[in-house]
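Examining the three-dimensional arrangement
Single-letter residue listing:
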Amino acid sequence: MKKPLAALISVIMTMTLMFSLTACAPSKAVNSDNSGAKKKIGIVQIVEHPSLNTIRESLIKELQVKGYKDGENITIDYQNAQGDQSNLKTIAQKFVSNKYDLIVAIATPSAQAVVSETKDIPILFSACTDPLGSGLVTNMDKPNGNVTGTSDAVSAEKIMDLAKRITPDIKRIGALYNASETNSVSVINNLKDYAKKNNMTVVEGTVTNSSDVQQTVTSLVGKVDAIFSPIDNTVASAMPVVTQIANKAKIPVYVGADSMVKDGGLATYGINYDVLGKETANMAVEILKGKKAGDLPVKTMKDMNIYLNKDTAKAIGINLPDDVLKAATQVFGN
Ligand code: TRP
């Protein structure tokens, strides 16, 4: 056992050492509160599909570019709910009870789950199509409270205008979506308004989970001239199935996101999710530096691009018009 004086000296020495270490810590350490504690970020994603993965990867990469690296000066806990609502709730509750410094929720169902669990921890939602209609915020410019984020709002009207340039004779349009995804419902309402104005009939094709998709698409065959699917997580996870059935029946499928075109949809007029991931990271940095989430306006993407799939066009026997091909940002297939 140490003698009292020796013990005291050793305590003083340790404290001096700790003080000098803190004082000399490289300015690269980006913890805003100088506590030296690593900030903890929880990322929750509703399901695995290419677009949401792109967003997450781009977000993590951009955080690193901005000096926030997982395992070094921040800790990232990434959880995927595998498309299951009850998993979402469990993950959200775990993040809250762990008192993370920031929760990033990718896609609307994840954001809704997190928002209902905490009013204190900053929440940054990512790629939510309709943050207002989904009840995430009550004001896009001044969200207030602990919530803000990025939106991938698209226009059903713009997508349908593109659809008519490619396949002008659409009279009956199948609406393929999960009616419990509020992000999809608002775009489908938009589609219904468009249909009314343009003498089209909308044929409902709702699904409740991705295993329904095959049966629902099959049931639309013979009843529709084209299918429209919004930025729907359930449909996006089953896009290869949609493509297989629709291509066989030679039905064009117009979609809400580039990844759904890559997975066989014919065309979209949509946003770039890599950019959206980066924008989400920029907002995360502001919050990590101490800004209040509710003081940051919700960011809506402005860059709208045409995405086409040539393989699908061939499979269903249509020619993509030259002017549309020229206007496209990205053409998938050969
Ligand atoms: N916008 C969707 C939502 O609000 C999430 C999403 C982002 C998405 N990219 C996608 C869905 C691509 C389907 C396909 O939940």
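Presented here is an overview of the structure given in this document. (Residues numbered from 1 in each chain as written. Predicted model: local features only at pLDDT ≥ 70, side-chain atom pairs only at ≥ 80, totals over all residues. Heavy atoms only, no water.)

1. Let's talk about the overall build of the protein chain
The cut-off we apply is this: Think of it this way: any DSSP run of H or I at least four residues long counts as a helix, any run of E at least two long counts as a strand, and we number them from the N terminus. Each residue is assigned to one of three classes by its accessible area relative to the maximum for its type, calculated with a 1.4 Å probe on protein chains only: buried under 20%, partly exposed between the two thresholds, exposed over 50%. The Shrake-Rupley method, run with a 1.4 Å probe sphere, supplies the accessible areas, and residue values consider only the shown protein chains as cover.
Regarding its fold elements, the protein chain presents 13 helices and 13 strands. Taking all 334 residues of the protein chain together, 48% fall into the buried category. Counting only carbon and sulfur atoms, one obtains 53% of the accessible surface of the protein chain, whose full area is about 15,900 Å².

2. Topic: the sheet that holds strand β4 (residues 123-126)
Working definition: the strands of a sheet are paired by backbone hydrogen bonds and lie parallel or antiparallel to each other. Here is the rule we go by: Here a strand pair is declared whenever DSSP counts at least two bridges between the two strands.
With respect to topology, six strands assemble into an open sheet ordered β2-β1-β3-β4-β5-β11, the strand pairing being parallel. Here the strands that pair on one side only, and so sit at the sheet edges, are β2 (74-80) and β11 (299-300). Sheet topology note: the strand β1 (residues 39-45)/β2 ladder contains seven bridges and is parallel. By the bridge assignment, Q45 is partnered in β2 with N80.

3. A few points about the pairing of strand β12 (residues 305-309)
Within β12, five of the five residues are buried, which leaves it mostly tucked inside the rest of the structure. Alternating positions in β12 separate into two faces, N305, Y307 and N309 on one and I306 and L308 on the other, with burial throughout. Relative to β12, strand β10 (residues 267-270) is paired through four bridges, and the arrangement is antiparallel. Across the sheet, A267 pairs through a bridge with L308, a residue of β12. As paired strands, β12 and strand β13 (residues 330-332) are joined by three bridges and run parallel to one another.

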